[in-house]
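Take a look at the letters that make up each chain.
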Amino acid sequence: LAKTTQPISMDSYEGQEVNITCSHNNIATNDYITWYQQFPSQGPRFIIQGYKTKVTNEVASLFIPADRKSSTLSLPRVSLSDTAVYYCLVGPPSGGYQKVTFGTGTKLQVIP
Amino acid sequence: NAGVTQTPKFQVLKTGQSMTLQCAQDMNHNSMYWYRQDPGMGLRLIYYSASEGTTDKGEVPNGYNVSRLNKREFSLRLESAAPSQTSVYFCASLIGLDTQYFGPGTRLTVL
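All values derive from a computational prediction rather than experimental measurement. (Residues numbered from 1 in each chain as written. Chains lettered and ligands numbered in written order. Predicted model: local features only at pLDDT ≥ 70, side-chain atom pairs only at ≥ 80, totals over all residues. Heavy atoms only, no water.)

**A look at the pattern of salt bridges**
Residue and element names in this part refer to chain B.
Item 1. Taken as a whole, this structure holds 3 salt bridges over all chains when the rule is applied.
Item 2. In this structure, Arg 36 and Asp 38 form a salt bridge, with 2.9 Å as the shortest nitrogen-oxygen distance. The residues Arg 36 and Asp 38 share a single accessibility class, namely buried.
Item 3. Linking Glu 79 and Arg 77 is a salt bridge whose minimum nitrogen-to-oxygen distance equals 3.1 Å. (Salt bridge = Lys/Arg side-chain N within 4 Å of Asp/Glu carboxyl O. Buried < 20%, exposed > 50% of the residue type's maximum accessible area, 1.4 Å probe, protein only.)

**Some words on the layout of surface pockets**
Item 1. The calculated volume of the largest pocket comes to roughly 550 Å³.
Item 2. Along its surface, the largest pocket is lined by 28 residues, and Gln 37, Asp 38, Pro 39, Gly 40 and Met 41 of chain B are the ones closest to its centre.
Item 3. For the lining of the largest pocket, the secondary structure elements donating two or more residues are β8 (84-91) and β9 (106-111) of chain A together with β9 (87-94) and β11 (106-110) of chain B.
Item 4. In the lining of the largest pocket, the residues fall into 12 nonpolar, 13 polar and 3 charged.
Item 5. Considered as a void within the structure, the second largest pocket measures approximately 250 Å³ in volume.
Item 6. A per-class count over the lining of the second largest pocket returns 6 nonpolar, 7 polar and 2 charged. (1 Å grid on protein atoms, 1.4 Å probe; cavity = no way out; pocket = protein on both sides within 12 Å on 5 of 7 lines; lining within 4 Å. Points joined across faces, edges and corners; volume = space filled by probe spheres on them. Helix = DSSP H or I, 4+ residues; strand = E, 2+ residues; numbered from the N terminus. Nonpolar A, V, L, I, M, F, W, Y, C, P; charged D, E, K, R; others polar.)

**Some points on the state of the cysteines**
Item 1. By the definition in use, this model includes 2 disulfides over all chains.
Item 2. Covalent S-S linkage joins Cys 22 of chain A and Cys 88 of chain A, the inter-sulfur distance amounting to 2.2 Å. Linking Cys 22 of chain A and Cys 88 of chain A, the disulfide has an S-S dihedral of approximately -85° and is accordingly described as left-handed. Taken together, the residues span a long stretch of sequence, with Cys 22 of chain A in strand β2 (residues 18-23) and Cys 88 of chain A in strand β8 at a distance of 66 residues. By the burial criterion, Cys 22 of chain A is buried, and Cys 88 of chain A matches it.
Item 3. Each sulfur of the disulfide joining Cys 23 of chain B and Cys 91 of chain B lies 1.8 Å from the other. (Disulfide = S-S within 2.5 Å.)

**Here we look at the sheet that holds strand β3 (residues 19-25) of chain B**
All names here are of chain B.
Item 1. Spatially, β1-β3-β8-β7 is the arrangement adopted by the 4 strands of the open sheet, whose pairing is antiparallel. Edge positions in the sheet fall to β1 (4-7) and β7 (64-68), since each of these pairs with one other strand and no more. Going from strand to strand, the sheet's axes swing by 15° on average, the running direction of each strand aside.
Item 2. The pairing of β7 with strand β8 (residues 74-78) spans 5 bridges and is classified as antiparallel. Residue pairing across strands places Val 66 opposite Leu 76, the latter belonging to β8. (Pairing = 2+ DSSP bridges. Axes fitted to C-alpha atoms, helices over the stretch in contact; angles between N-to-C directions.)

Given below as structure tokens:
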């Protein structure tokens, strides 16, 4: 997987929109950007994946600029339950057979 | 369909003892992974198995061995446990980057 850089931590008040940026300068043509969410004492779970422009689902939006060297995970109107660690992964989307590493992630703390 | 199961959930060992962490998945995934997560830290890859019959080292393989017994099962063995191996261990299986499923974790304490 491509090397990624994320902020180590972020704080946000409840009800605010949170944007977490991931840098991936060495992204390859066939790489997708995938975000995982990890709550305390649980394994990570998939939240969103995209290749370019914008992807939105019921949990989050993912914004990817034209050069694809960075991406932004956007969480609308966060609540206390969004307190978690968020990981950005960049690599081929399918086929497995990969050495999947997570890095340190971004620890989001939502404040009442 | 249980997904990814791990046993045991909790374990306390004394330094020098050995143990095997068991992992099984029922999703017919080819690839399986073992990670460790120290308090307040990110996940670190110990070993992975891209397919049945193959295993490869991850970021932190020292002190561990693995066995991919069949497509369903991937075990992690600590031959001589050390306090530095106190951690939460997660097993995962994967088809693609958007379909990596994790087990509930094993909390291991080495005294």
